[in-house]
Amino acid sequence: LMSELRDNNITHFFIVGFLTDVCVYQTSTAAAKLLPEMSTYVIADGCAAKSLDKHETALEKIATKSVNVVSASEAESILAECAASSKQSLLDGSDDWLMIEKIFSAGGVGKNESMDVDILRSLIESLHSDSSILSTLTDSLEAFGETEISRAQMHKILFQRKHRSGFFENFPLIILMSYLPFLYSVSTRIPFIFIALEITQGRGRELWEVGVVLGTYQVSRALGNLIVVMFGGKDPFKRLQILLSCTALFGWSFLALFGRPSETSPFSFTPYLSETDGGGNGSIMPLFALFCVGLGETIVILQRSLMMETAKESPSGIMDESLVAQRFSYQYAFVSFGATCAFIVGGWLYTS
């Protein structure tokens with residue numbers, strides 16, 4: 001009993017039969033004990049015993065064993081709710097085979113059986129969904145040419161990845177996995193060195209102040225990524241990234257135009273002169289505009305772009321999570337390579 005219930009993913013188990021005080025009692029109590037996470041029901045007016053007293057006494061005992069005793073009309077309502085819930089959760093879950101199993105279960109198809117194509121069409125129509133999975137299935141069924149469809153055939157229609165061939169088809173992936181991550185890393189690490197030089201050599205301040213400014217810069221970068229993840233929606237570039245990039249542009253413009261004495265060129269690290277102590281006391285307050293700069297330096301946009309590019313390889317637009325994880329690893333490898341190059345160049349600049 002337990003293997004049958006588990007293998008078929010039964011969540012609601014309804015029992016009717018004869019005798020109430022023998023077979024029905026033993027089956028219901030065993031099911032409730034073996035699979036307590038499953039809802040077990042005995043339909044009272046679908047059972048009988050040799051006498052009404054034995055029937056009612058058995059139902060009272062069954063009700064004390066974590067089994068729900070219901071009437072036929074109540075069972076009908078519960079089944080209707082289960083059917084609605086099953087359709088609602090049909091496309092839930094990231095596992096592709098589990099998703100196909102849900103579709104076949106919703107169509108009332110048993111294990112190792114094929115589904116009638118007309119039943120599948122009716123099921124799709126009853127869902128009233130604009131899901132890319134159902135759209136792909138609907139389009140594919142028009143040219144399918146067979147009366148039944150197997151689980152393997154449905155998996156091929158929905159999830160068989162389109163392999164890229166040639167340089168031009170692979171070019172977007174090359175850009176997203178190597179070139180852009182490398183440039184992102186270099187362009188966001190090199191400023192660290194110039195900021196350190198500006199604070200220590202240009203403004204004559206202490207190293208701990210370098211840490212405060214760079215810490216603020218780093219926090220703002222993390223905050224920018226968090227904002228995009230939480231509020232970016234399905235299209236974070238249009239919704240937030242343009243705004244955050246404008247914020248970064250404002251920060252860089254502020255730093256370029258404010259905070260230097262008129263006699264110091266933008267590329268000089270001559271210590272600032274102070275009227276009170278004769279020099280070496282330039283203010284670092286304008287440098288906190290780097291907080292605005294950091295908001296625009298979000299790597300999640302690169303990650304999102306890679307996910308969208310991977311999803312294009314699936315007929316139904318569902319990305320292969322293991323493939324995305326592998327491509328993320330390449331992306332982060334080039335981020336690390338860019339950071340290494342930036343700090344080598346930055347270290348040479350700092351010491352020279």
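So, how was this worked out
- Within each chain, residues carry numbers counting from 1 in the order of the written sequence.
- Local features in this predicted model are restricted to residues of pLDDT 70 or higher, and side-chain atom pairs are both shown and tallied only at a pLDDT of 80 or more, whereas totals for entire chains, interfaces and linings draw on every residue.
- For the side-chain quantities, the full set of heavy atoms in the structure was used; hydrogens and water were omitted.
- For patch detection, residues must exceed 30% relative accessible area and be free of salt bridges, and they are connected within 9 Å for like charges or within 5 Å for nonpolar side chains (Val, Leu, Ile, Met, Phe, Trp, Tyr).
- Residue-level accessible areas treat just the shown protein chains as cover; the underlying method is Shrake-Rupley with a 1.4 Å probe.
- A pair is scored as a salt bridge if a Lys or Arg side-chain nitrogen falls within 4 Å of a carboxyl oxygen belonging to Asp or Glu.
- Numbering of helices and strands starts at the N terminus; helices are DSSP runs of H or I of at least 4 residues and strands are runs of E of at least 2.
- Each residue is assigned to one of three classes by its accessible area relative to the maximum for its type, calculated with a 1.4 Å probe on protein chains only: buried under 20%, partly exposed between the two thresholds, exposed over 50%.
- Working definition: rings of Phe, Tyr and Trp (its six-membered ring) pair if their centres are within 6.5 Å, and the pair is stacked with planes under 30 degrees apart, edge-to-face with planes over 60 apart, and tilted otherwise.
- Think of it as a cone above the ring: NZ of Lys or CZ of Arg counts as a charge over the ring if it is within 6 Å of the ring centre and within 35 degrees of the ring normal.

*Asks:* Got a minute to help me understand a nonpolar patch on the surface in this structure?
*Replies:* On the surface, a nonpolar cluster with roughly 490 Å² of combined accessible area is contributed by Leu223, Leu226, Val229, Met230 and Phe231. Checked against the element boundaries, phenylalanine 231 lands in helix H10 (residues 207–231).

*Asks:* Just checking my understanding: could you explain unusual backbone geometry for this structure?
*Replies:* Most peptide bonds adopt trans geometry, and most residues besides glycine take a negative phi value. Residue leucine 19 follows phenylalanine 18 across a cis peptide bond; omega there is 10°. Positionally, leucine 19 belongs in the loop between strand E1 (12–18) and helix H2 (20–34). At serine 66, a residue that is not glycine, the phi angle is positive and equals roughly 65°. Along the chain, serine 66 falls in the loop between helix H3 (52–63) and strand E3 (68–70). Take serine 66: its relative accessible area is 64%, and that puts it in the exposed class.

*Asks:* Looking at this structure, how should I read the packing of aromatic side chains?
*Replies:* Inspection of the entire model under this criterion finds 7 aromatic pairs. Ring geometry for phenylalanine 192 against tyrosine 217: centres 5.5 Å apart, planes inclined by 75°, an arrangement best described as edge-to-face. With phenylalanine 192 in helix H9 (residues 167–202) and tyrosine 217 in helix H10, the pair connects residues that are 25 residues apart, well separated along the chain. Tyrosine 217 carries the same exposure label as phenylalanine 192, and that label is buried. Aromatic pair phenylalanine 192 and phenylalanine 343: ring centres 6.3 Å apart, planes at 50°, arrangement tilted. Here phenylalanine 192, found in helix H9, pairs with phenylalanine 343, found in helix H14 (residues 321–351); they are 151 residues apart in sequence, far enough to count as distant. Looking at phenylalanine 192, the relative accessible area reads 13%, which means it is buried. Grouped by ring-pair contacts, the aromatic residues Phe167, Phe168 and Phe171 constitute a single cluster. The ring of tyrosine 217 carries the charged tip of arginine 221 above its face, separated from the ring centre by 5.9 Å.

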